[in-house]
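Each chain is listed here by its residues.
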Amino acid sequence: MKIEFVASASAPQVLAVLVNEGRAFAGTGSQLDAATSGALTRAMTASRFTGGSNSTLVVAAPAGVDASTIVLTGAGDPGKFDDLALEAAAGAAYHAVKMSGATALTIDASHLSADQAARAAFAARLASYRFLKYRTTLKPEKTPSIETIEVVAADPKAAKAAYESFSAVAAAVEFSRDLVSEPANVLYPEEFAKRVKSLEKLGLEVEILGEKELTKLGFNTLLAVGMGSVRESQVAIMKWNGGKKGEQPIAFVGKGVCFDTGGISIKPADGMEDMKWDMGGAAAVSGLMHALAGRKAKVNAIGVIGLVENMPDGAAQRPGDVVMSLSGQSVEVLNTDAEGRLVLADCLWYTQERFKPKFMLDLATLTGAMIVALGLEYAGVFSNSDELANNFLAAAPKVGENAWRMPIPAAYERHIDTPIADVKNTGNGRAGGSITAALFLQRFTNGTPWAHIDIAPTAWVKDSKSPTVPDGAVGWGVRTLDRMVADSYES
């Protein structure tokens, strides 16, 4: 998508203007209405469009203006107009005309700040995302036609400068969405690691550990998950050194199960195809590191992702196996489908031991129990640090991502105790499954401030209500983590 900022629009194909709730024009809407002899007001009056958020009205070929089409896009209550309302309006405008045949959409942001003009472009870009890599027979009329987003800004130069940071985040979200969208026969652990390695062009330092190195280091619980696969397990370590030299880093850890059959504890066939996105946590961490490097964030950050494939095979781990983790704690594996926590256990221990971070935050599509607890629109937050949890929870609503803090009561520790090993990888039955999973992870943090974000409900969407979020891969967490870092941890 080509993004441009201009002082005025010259004969735009499609011009989008903001309208507040109550059919009150914002920006140049009033002048356009006058130029069309009130055609825009008449169109609104004759329709149900009132300027509500996430609503649009397309007015074709109005006489008196150069634009071939005018899109009235709802900004909602002017007293509540914020960043998310602006993003929804810009995204909705794109969707209103994306299949129209027009190649350019002009958004009037002349009455807004440079930062807001840049945000409008950012939102339209996010809205335009589609994963069409494998669609070879789509007819032109089934393919979006908009190729350019032009934003009219009071200060185009300032808006263009502000857009640089937005562009870096947009590229990171797109990178994450691409990873989650890929089928597992294409994106297996080694290929995932290869794509992360490509981020060195942004200035990241990337280190890839293969099975030989992981075996030597003692990543036994991670390696046990991948024993049944012909694909080699990997760990990718990303470093961004944008802060002061020697300053303690912050660290992010992601679950990267590139496909999860459940292993010997095999899943039902129905819906198993969804398990290609069981690496959503690793995709989010990779996207965050992409964003931090892209916008040159003033922070030292570490990203560690464990990449495996969980398959049933004669070599696969069995229910009842006992594995010695990198931490030295023994783990009884009662269910091979509770594999993500085994991957994260070694990655968390390695991260705190090697990098001594201020905190560790992990993301994982960890439990179906999280969906039972919170539905499909909230991620669960578990933490041993109120400060860290609060910083994450403060950032999430600013970018339109929902999260809810969950308890990790010490009284539930008994549910993951077992007489044969130090800990078992499941609780006692289905009750509190997301909580016992978090408690399992906490045993591998060694007292480091830590938060676990269970994104099983939010990594993949089948009926998106947001104009800037597609059905399918969301890239959930990239924007929240980037905002959290910017608000709370950059020097």
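The coordinates are above.
Residue positions are given per chain, counted from 1 along the sequence in the order it is written. Reporting in this predicted model follows two pLDDT cut-offs: at least 70 for local features of residues, and 80 or more for side-chain atom pairs to be given and counted; totals over whole chains, interfaces and linings ignore these cut-offs and use all residues. Only hydrogens and water are set aside when side-chain values are computed; all heavy atoms of the structure are taken into account.

1. Describing the side chain of Thr148
Inclusion rule: Helix numbering and strand numbering both begin at the N terminus, where a helix is a DSSP run of H or I of at least 4 residues and a strand a DSSP run of E of at least 2. Residue exposure (1.4 Å probe, protein chains only): buried if accessible area is under 20% of the type maximum, exposed if over 50%, otherwise partly exposed. Any two residues whose heavy atoms approach within 4.5 Å are treated as being in contact.
Mapped onto the elements, Thr148 comes out in strand β7 (residues 148-153). A relative accessible area of 16% places Thr148 in the buried class. Apart from the residues lying within four places of it in its own chain, the contact partners of Thr148 are Met1, Lys2, Glu4, Thr103, Ala104 and Leu105.

2. Digging into empty space enclosed by the protein
What counts, and what does not: Grid points spaced at 1 Å over the protein atoms alone were grouped into cavities, where a 1.4 Å probe fits but cannot get out, and pockets, open sets with protein on both sides within 12 Å along at least five of seven lines, with lining residues defined by an atom within 4 Å of a point. Grid points are joined across faces, edges and corners, and a volume is the space filled by probe spheres set on the points. Any residue outside Ala, Val, Leu, Ile, Met, Phe, Trp, Tyr, Cys, Pro, Asp, Glu, Lys and Arg is labelled polar, Gly included; the first ten of those are nonpolar and the last four are charged.
This structure, assessed with the given rule, holds one cavity of 30 Å³ or more. Considering the residues around the largest cavity, the lining is formed by Ala16, Val17, Leu18, Thr73, Leu86, Ala90, Ile107, Asp108, Ala109, Leu112 and Ala120. Listed by contribution, the elements that provide at least two residues to the lining of the largest cavity are β2 (14-20), α3 (83-97) and β6 (104-109). Grouping the constituent residues of the lining of the largest cavity by class yields nine nonpolar, one polar and one charged.

3. A word on the side chain of Ser145
How we decide: N or O atoms within 3.5 Å of each other form a polar contact, as long as, within protein, one can give a hydrogen and the other can take it, and as long as residues adjacent in sequence are counted only when both atoms are side-chain atoms.
Here Ser145 lies in the loop between α4 (114-127) and β7. With a relative accessible area of 14%, Ser145 lands in the buried category. Polar contacts involving the side chain of Ser145 include one to the main-chain amide nitrogen of Gly101, which spans 3.0 Å. One polar contact links the side chain of Ser145 to the main-chain carbonyl oxygen of Ala102, over a distance of 2.6 Å. Not counting the four nearest positions on each side in its chain, Ser145 is found in contact with Val97, Lys98, Met99, Ser100, Gly101, Ala102 and Thr103.

4. Notes on helix α5 (residues 156-181)
What counts here: One less than the number of residues in a helix, times 1.5 Å, gives the span that helix is expected to have. The angle between axes fitted to the seven residues ending at a residue and the seven residues starting there is what we call the bend at that residue.
In a regular helix each residue adds 1.5 Å, so 26 residues correspond to 38 Å; α5 covers 35 Å between its end C-alpha atoms and thus fits that length. Remark: the principal bend of α5, roughly 35 degrees, maps to Glu164.

5. Description of unusual backbone geometry
We note that Ser37 has phi near 55 degrees; this positive angle belongs to a residue other than glycine. Here Ser37 shows up in the loop between α1 (29-35) and α2 (39-45). Unlike most non-glycine residues, Lys356 shows phi in positive territory, near 45 degrees. Along the chain, Lys356 falls in the loop between α10 (340-355) and β14 (360-364).

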